[in-house]
Amino acid sequence: MSKTSKSRRTILGLALPNIPWEDKPAGCRGPVWRYSGNPIIARDALPTSNSIFNSAVVPFKRGFAGVFRVDHTTRFTKLHAGFSEDGLRWDLNPEPIDFICNIPELKERIAGYDPRVCRIGDRYYVTWCSSYYGPTIGLAYTTDFKKFHRMENAVLPCNRNGVLFPRKIRGKYAMLSRPSDKGHTPSGDIFYSESPDLCYWGRHRLVMAAGVSNWQCNKIGAGPIPIETTEGWLMIYHGVVQSCSGMVYSVGAAILDRDTPAKVRYRTVPYILNPRTPYECVGDVPNVVFPCAALADADTGRLAIYYGGADTVTALAFAQVDELIDFIKSNSGLVYDGRS
Ligand code: BMA
């Protein structure tokens, strides 16, 4: 445990002594480094899986639980629950989540991908890209990762990357999302919305637009549940640039104001992670790193970031919160070219 991080206690959250961890390897230049055992979940970990990626995990009981994006060999995309003692070796349910749904109009709308899981009180809320006349943000909750209760969709279509904040802000539930189109969305920006009850959402505000630097110039979307720190909300996000051979997905980080998260305080001009290993560059969709979850240990400042590689496998990366925040602050640029 680093003395500095302990005395600063930057993360305003719980201790997580069993967070998966590996020290930064010598020679690593940036503030984020990959787990040496990547990928942690192979594409064929389930009998019917084509790929398992872009998935969300949280601390649960003495270990961890999660909701995983599993594209089947039918190429239908489903959500599966999974459990782990150490956050590295995962047991995924072979059957997809069968949501309990009392809303007839949503019952048959079962498409699901890119889940996030957010604990608020004693409930774990799942947001994911669902389908209702186009992509929209599905919402459900569970207390045990066995029964999942479907709620109303959060937004009108078309929208992706719905990410809840882990507590109410100024008395309201809060969510980030990224309005999109029905296809591969050539451009898109991150917005903030509030709700009194997780059903009715409003006061939509632009947080930040695509731009600032090339890796994030076409579209951006929030990734893991924001982590509350003494500096503000640490938001890890993906950014996209269109290249000659397709879209390239990288990862950046920003710090949002604690009381008014639509205000960006700092935002990385360089990426903090980009596709460069074989499992990130080769797969069903090459050149994609797509983070959907981060574990945080308030005692040590350790972060474990879960991300999808090349739309095929699940991988893990690490960072130290103080080092990451220093990096964000000293490499920050804020150009809101979408504000007007
Ligand atoms: C986005 C989403 C992600 C995917 C990415 C790259 O639009 O569909 O699930 O990882 O494209 O294909």
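Right above here is the structure, for reference.
## Points about the site of the ligand
Within the structure, the ligand sits among Asn54, Arg69, Tyr113, Asp114, Tyr249, Val285, Val288, Phe290 and Asp311. Within the side chain of Asn54, a nitrogen or oxygen atom sits 2.9 Å from an oxygen atom of the ligand. Within the side chain of Arg69, one N or O atom sits 2.7 Å away from an oxygen atom of the ligand. Protein chains bury 86% of the 310 Å² of accessible surface belonging to the ligand in isolation.

## Here we look at the sheet that holds strand β11 (residues 173-179)
With antiparallel pairing, 4 strands are arranged side by side in an open sheet as β10-β11-β12-β13. Single-partner strands in this sheet number two, and they are β10 (159-164) and β13 (202-208). Strand-to-strand, the axes of this sheet are offset by a mean angle of 30°, without reference to chain direction. As defined by bridge partners, β10 adjoins β11 across 4 bridges and the pair is classed as antiparallel. Each residue of the ladder has a partner; that of Val163, found in β11, is Leu176.

## Looking at the packing of aromatic side chains
This model, assessed by the stated rule, comprises 18 aromatic pairs. Between Phe60 and Phe145 the ring centres are 5.0 Å apart and the planes differ by 70°, which places this aromatic pair in the edge-to-face class. You can see Phe60 sitting in strand β2 (residues 49-60) and its partner Phe145 sitting in the loop between β8 (135-142) and β9 (149-150), a full 85 residues away along the chain. Per residue, the accessibility class of Phe60 equals that of Phe145, and both read buried. Ring plane angle 55° and centroid distance 6.2 Å describe the contact between Tyr125 and Tyr141, whose orientation is recorded as tilted. Here Tyr141 lies in strand β8 and Tyr125 lies in strand β7 (residues 123-131), a separation of 16 residues in the sequence. Judged by relative accessible area, Tyr125 falls into the buried class, the value being 6%. Judged by its relative accessible area of 19%, Tyr141 falls in the buried class. Members of the aromatic cluster, each reached through a chain of ring pairs, are Phe60, Phe83, Phe99, Tyr124, Trp128, Phe145 and Phe148. Against the face of Tyr141 rests Arg123, its NZ or CZ located 3.7 Å from the ring centre.

So, how was this worked out
- Residues numbered from 1 in each chain as written.
- Predicted model: local features only at pLDDT ≥ 70, side-chain atom pairs only at ≥ 80, totals over all residues.
- Heavy atoms only, no water.
- Near = heavy atom within 4 Å.
- Polar contact = N/O pair within 3.5 Å; in protein donor to acceptor, adjacent residues only side chain to side chain.
- Areas by Shrake-Rupley, 256 points an atom, 1.4 Å probe, with all protein chains shown as cover.
- Pairing = 2+ DSSP bridges.
- Helix = DSSP H or I, 4+ residues; strand = E, 2+ residues; numbered from the N terminus.
- Axes fitted to C-alpha atoms, helices over the stretch in contact; angles between N-to-C directions.
- Phe/Tyr/Trp six-rings, centres within 6.5 Å; stacked < 30°, edge-to-face > 60°.
- Buried < 20%, exposed > 50% of the residue type's maximum accessible area, 1.4 Å probe, protein only.
- Lys NZ or Arg CZ within 6 Å of the ring centre and 35° of its normal.

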